[in-house]
Amino acid sequence: MQIGFNFTSGSALPLVRQLISEGRIDFVEILIDNFLQVAPRELAAAFDCPVAFHIMFSKFLESDLDFLEDLAGRLRTYIDALKPVYVSDHLLRFSHEGRNLFHFAEIDYVSEYDAVRERVEWWQSRIGRRLYLENYPSIMDGGRDAPAFFERLTRESGVGVLFDLSNAVITNLNCGLSLDAWHDIISTTTRFHVAGYHTSFIKPHVIVDSHDRELSSETDTFLESRRQYIEKPGSTITYERDFNIERDSISADLDNLRRIFGLLGESRRQVQGNVV
Amino acid sequence: MPLIRPSRIRIDSELLDALSAPASQQNYADDVRAFVRIDHSIRTYWHTLFDVCPGLLRLSGPDGQSVFRPFMAWAAEQRLSFGWSYYLWVYIWLRQSEFRGLLDSDLRLSLMAASAARWATFDRSKAAAIAIGCMEVQGLVCGFKPCALDASMTVEYQELEKAIASPDGQFGFFTSSGPEIDRFPGWYAIPK
């Protein structure tokens, strides 16, 4: 089991390097499309540990194919140079009728399945690696269809799931979807995410994803109860923090993760890639 | 443990039309999760505007609503895409609004800088830099994507050594494949 931290901006470079040197993280998940103007050689030399790639703005479900072909070509240059342990992307709706959504929307897992599967297969083929797709932090009940959707998609397209445990907790709290509904996905995937969330501004019983604070007690409990299914040879879990980048708070959460997985005090080991 | 309440609206996709329409939020007042979902989306548009350009609050008052709500309604009529040019269209709308007499060069520059920054942060084309011009401004507001690992995106105001033609519209732009703005290929109209 390897624990990582997300790297999204050059301003976080000193912190990330410190987390590596302190043995708090074993790998770095780079939000790769934020760094496409940085030379691959410079990025490859950035960290004294393995890296993974997370793609944010390919918008592969809705971008035109010429753009995606070009973007995939540039991403492959970084994949070849850095050999990430995994490549992941987002299964989201970024726009509606040509108008950008600033808070991204959830797809309709039932009516859009065939179109999504077709585009996922094509995008994965252009990336040239197995692609891991992240589950959404649902507010509306459509999120209850997500586990069956991901199970079918992985079976029929060969993509993997980047299973975000805290997103599943959000969906549980908002929609009542049992955490047990994700059992088969947790048992089979090797890629995990986790982050903090908060209550919505106007109704505290509705939860929204935020990446701005420490993990909730519900997320901790979920992690501890599923440890035996998460922990597999080569498994990775990335702790995401995008706001309130506070060293002590982040360190406390990373130490808690290491405690849950029995890694406190262990030095870093080589992350086992799952290159396809 | 939060209380889960039934929702009349089942899937997120049913809310797509409302996610950028503040006026439609009240239509979902009896559906708590749909109401919150729309609220969260609308707040993101609000914060993207006023957190980045707090000078707009001087026009609208502290809640921003007298600028935000009519602009968003106009943006829907115009089918604006809410791309990197979001802030430039706010300025274009302000010039035809009741606030037109209150606009000044600082506010205009802050909106141009915000658009340059948004391009430098979210654009995924091969271009490395953008220059935004305005018919009322001599120089260019330029945004640069980070080209080193420890760098962040930057925005600069650049004076011109030689005068160039003004854009045809209120604003125009061009991009550069390299990390410097060192040639003028002509103006492009800002995307809707």
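See the structure above.
Presented here is a report on the structure given in the accompanying data block. Since the structure is predicted, the reported quantities are computational estimates derived from the model, not experimental observations.

Notes on the overall build of chain B
Step number 1: Helix and strand counts for chain B stand at five helices and five strands.
Step number 2: Counting only C-alpha atoms and orienting by the principal axes, one finds that chain B spans roughly 65 × 45 × 25 Å.
Step number 3: Burial statistics for chain B: of 192 residues in total, 53% are counted as buried.
Step number 4: In chain B, the proportion of contacts linking residues at least 24 apart, taken out of those at least 6 apart, comes to 51%.
Step number 5: When the accessible surface of chain B is split by element, carbon and sulfur atoms take 52% of a total near 9,000 Å².

Side note on the environment of Arg119 of chain A
All names here are of chain A.
Step number 1: Its location among the elements puts Arg119 in helix H4 (residues 113-127).
Step number 2: Apart from residues no more than four positions distant in its own chain, Arg119 is found in contact with Phe60, Leu61, Glu62, Ser63, Leu65 and Leu68.
Step number 3: A polar atom in the side chain of Arg119 sits 2.8 Å from the backbone oxygen of Phe60.

Examining the interface of chain A and chain B
Step number 1: Facing the 53 residues of chain A at the interface are 53 residues of chain B.
Step number 2: Summed over both sides, the interface of chain A with chain B buries roughly 4,600 Å², with 59% coming from carbon and sulfur.
Step number 3: For chain A, the biggest contributors to the area lost against chain B are Arg99, Phe102 and Met140 of chain A; these three give 20% of the whole.
Step number 4: Summed over the shared surface of chain A and chain B, the number is five salt bridges.
Step number 5: One salt bridge connects Arg33 of chain B with Asp141 of chain A, and the closest N-O pair in it is separated by 2.7 Å.
Step number 6: Our count for the contact surface shared by chain A and chain B stands at 24 residue pairs in polar contact (both at pLDDT 80 or more).
Step number 7: The set of elements that each furnish at least two residues to the side of chain A that touches chain B consists of helix H1 (13-21), helix H2 (40-44), helix H3 (65-82), strand E5 (93-96), strand E6 (99-105), helix H6 (165-175) and strand E11 (207-209) of chain A.
Step number 8: The dominant element in the side of chain A that touches chain B, judged by the number of residues it contributes, is E6 of chain A, at seven residues.
Step number 9: Partitioning the side of chain A that touches chain B into residue classes produces 24 nonpolar, 15 polar and 14 charged.

Observations regarding the sheet that holds strand E9 (residues 191-195) of chain A
The strands that make up a sheet pair up through hydrogen bonds in the backbone, lying either parallel or antiparallel.
Residues and elements named next belong to chain A.
Step number 1: Read around the barrel, eight strands follow the order E1-E2-E3-E4-E7-E8-E9-E12 and close on themselves; strand pairing throughout is parallel. When the angles between neighbouring strand axes are averaged without regard to direction, this sheet yields 30 degrees.
Step number 2: Bridge count between strand E7 (residues 131-134) and strand E8 (residues 160-164): three bridges; the pairing is parallel. Each bridged residue has a counterpart across the sheet, and for Leu133 the counterpart in E8 is Val161.
Step number 3: Contacts from H1 reach strand E1 (2-7) and strand E2 (27-31) within the one sheet, and its direction differs from that of E1 by about 170 degrees.

Some points on helix H5 (residues 105-122) of chain B
Residue and element names in this part refer to chain B.
Step number 1: The terminal C-alpha atoms of H5 lie 26 Å apart, and with 18 residues this matches the ideal 26 Å at 1.5 Å per residue to within 8%.
Step number 2: Leu107, Arg108, Leu111, Met112, Ala114, Ser115, Ala116, Ala117, Arg118, Trp119 and Ala120 are the residues of H5 that are buried.
Step number 3: Sitting at the amino-terminal end of H5 is Asp104, which places a side-chain oxygen 3.2 Å from the backbone nitrogen of Asp106.

Considering H6 of chain A
All names here are of chain A.
Step number 1: A large share of H6 lies buried, amounting to 11 of its 11 residues.
Step number 2: By the burial criterion, the buried members of H6 are Leu165, Ser166, Asn167, Ala168, Val169, Ile170, Thr171, Asn172, Leu173, Asn174 and Cys175.
Step number 3: Backbone geometry just after H6 places Gly176 at a positive phi near 80 degrees.

Re the pairing of E6 of chain A
All names here are of chain A.
Step number 1: Of all the seven residues making up E6, five are buried; the element is thus mostly covered by neighbouring parts of the structure.
Step number 2: Strand direction decides the pairing type here: E5 and E6, joined by three bridges, are antiparallel. Bridge pairing in E6 places His96 opposite Arg99.
Step number 3: Counted between consecutive antiparallel strands, the loop separating E5 from E6 contains two residues, among which Glu97 sits at a positive phi close to 50 degrees.

Calculation notes
- Residues numbered from 1 in each chain as written.
- Chains lettered and ligands numbered in written order.
- Predicted model: local features only at pLDDT ≥ 70, side-chain atom pairs only at ≥ 80, totals over all residues.
- Heavy atoms only, no water.
- Helix = DSSP H or I, 4+ residues; strand = E, 2+ residues; numbered from the N terminus.
- Buried < 20%, exposed > 50% of the residue type's maximum accessible area, 1.4 Å probe, protein only.
- Contact = heavy atoms within 4.5 Å.
- Areas by Shrake-Rupley, 256 points an atom, 1.4 Å probe, with all protein chains shown as cover.
- Polar contact = N/O pair within 3.5 Å; in protein donor to acceptor, adjacent residues only side chain to side chain.
- Buried area = accessible area lost by both parts, 1.4 Å probe.
- Salt bridge = Lys/Arg side-chain N within 4 Å of Asp/Glu carboxyl O.
- Nonpolar A, V, L, I, M, F, W, Y, C, P; charged D, E, K, R; others polar.
- Pairing = 2+ DSSP bridges.
- Axes fitted to C-alpha atoms, helices over the stretch in contact; angles between N-to-C directions.
- Expected span 1.5 Å × (residues − 1).

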